[in-house]
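These are the residues of each chain, in order.
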Amino acid sequence: MTAPLPPFLGYVLAAPVLVAAAELTAAYPAARTPSPDVAGLLGLGEIMTAAALPGAALISVEVGADGTVSFTLPPDRYDGDTAAAELIADGLSVPRRRVRVPPPRPAAGRTRGAPHPAAGTRTPVRVAVAVARRRLLEAASATLGTPVGCLRLAGGAVTDRAGRRLDIGALAATAASNSTIAVAVDLTPR
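The present account deals with the structure reproduced in this document.

Attention shifts here to unusual backbone geometry. Unusually for a residue other than glycine, Ser93 sits at a positive phi of about 55°. Relative to the helices and strands, Ser93 resides in the loop between α2 (81–91) and β5 (99–100).

Turning next to the pattern of salt bridges. One pass over the full model with this rule turns up five salt bridges. Measuring nitrogen to oxygen at the nearest pair gives 3.2 Å for the salt bridge that ties Arg96 to Glu86. Of the two residues, Arg96 is situated in the loop between α2 and β5 and Glu86 in helix α2; the sequence distance between them amounts to 10 residues. When its relative accessible area of 43% is taken as the criterion, Glu86 is described as partly exposed. Between Arg134 and Glu138 there is a salt bridge; the shortest N-O distance is 3.2 Å. Of this pair, Arg134 and Glu138 are both found in helix α3 (residues 117–144), four residues apart, which corresponds to roughly one turn of the helix. For Arg134, a relative accessible area of 37% puts it in the partly exposed group.

The next point concerns the pairing of strand β1 (residues 8–12). Counted residue by residue, β1 has four buried out of five residues, so it is predominantly covered. Where β1 and strand β9 (residues 181–185) come together, five bridges link them in antiparallel fashion. Bridge pairing in β9 links Val12 to Ile181.

All buried positions along helix α4 (residues 168–175) are accounted for by Ile168, Gly169, Leu171, Ala172 and Ala175. Along the long axis of α4, the arc covered by the buried residues comes to 155°, so they all point the same way. Along α4, the residues that are exposed and aim more than 90 degrees away from the buried face are Ala170 and Ala173.

Right, let's get into the nonpolar core. In a soluble, globular protein the nonpolar side chains are often hidden away together inside. Counting residues in each nonpolar core, the largest one holds 43 residues, and the members touching the most others are Ile88 and Leu92. If we ignore the near neighbours within four places in the chain, the residues touching Ile88 are Val61, Val69, Phe71, Ser93, Val94, Val99, Val125 and Val129.

The next subject is the sheet that holds strand β7 (residues 157–160). Strand order across the open sheet formed by three strands is β6-β7-β8, with antiparallel pairing between neighbours. Two strands bound the open sheet, and with one partner strand each, they are β6 (151–154) and β8 (165–167). Averaged over neighbouring strand pairs, the angle between their axes works out to 20° when direction is ignored. Pairing analysis gives three bridges linking β7 to β8, with the strands arranged antiparallel. Residue pairing for β8: Ala157 is matched across the bridge by Asp167. Contacting β6, β7 and β8, α4 crosses the sheet at an angle of about 75° to β8.

Our next topic: the pairing of β7. The side chains of a regular strand alternate, residue by residue, between the two faces of the sheet. Relative to β7, β6 is paired through four bridges, and the arrangement is antiparallel. Within β7, the residue paired with Leu153 across the bridge is Val158. Between β6 and β7, which follow one another and run antiparallel, lie two residues, and Gly155 among them has a positive phi close to 60°. In this structure, the hairpin formed by β7 and β8 is closed by a connection of four residues, where Gly163 is found at a positive phi of approximately 90°.

Before going further, it helps to spend a moment on the environment of Val101. Mapped onto the elements of the fold, Val101 is located in the loop between β5 and α3. In this structure Val101 comes out as partly exposed when scored by relative accessible area, which is 36%. With 19 residues separating them in the primary sequence, Val101 and Thr82 have C-alpha atoms 7.1 Å apart. What Val101 contacts, discounting residues up to four positions off in sequence, is Phe71, Asp81, Ala85 and Arg96.

About the criteria used
Residues numbered from 1 in each chain as written. Predicted model: local features only at pLDDT ≥ 70, side-chain atom pairs only at ≥ 80, totals over all residues. Heavy atoms only, no water. Helix = DSSP H or I, 4+ residues; strand = E, 2+ residues; numbered from the N terminus. Salt bridge = Lys/Arg side-chain N within 4 Å of Asp/Glu carboxyl O. Buried < 20%, exposed > 50% of the residue type's maximum accessible area, 1.4 Å probe, protein only. Pairing = 2+ DSSP bridges. Arc of directions from axis to C-beta. Core = buried A, V, L, I, M, F, W, Y, C linked by side-chain atoms within 4.5 Å. Contact = heavy atoms within 4.5 Å. Axes fitted to C-alpha atoms, helices over the stretch in contact; angles between N-to-C directions.

Shape is all these values report; function is a separate question.
If you want it as structure tokens, here you go:
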């Protein structure tokens, strides 16, 4: 049985288009200690995520006015760009070709045999994507006058039951914020 995931705190950053970022320190309190029960032990994914915490605030997802999605990862998160792009495409229901992968960075400081950081960035990327998805659906709800629960995000667009369709690029400015705001999101277990 999988333990429920704690709520995560993400942010909508002040920008002219939608920029969502992740912060995980609230989800991994220092007081959490493993229990003698095997189900209470931290899993490898949680350990990798905790190791990524110092750079987690640097993980962001941006939805551009042209409908493309770009992202930033901490400089030391080598090799995680392709995995992050797949998570973003899946989480925002956009075709993979619309997710821009940043140019490769040199693997300075890479230690042979070190754990692969892509696993440690998985949760922060999912948090930023969940914040962006929520904001896009809320923007579409306000624009179409349709409750969020009656909207569907697929193929890079939000549609309602009447068939009205808005591309995520058209929603990027409406979903943006003039100030940085905190957003609590729940992630579904994977």
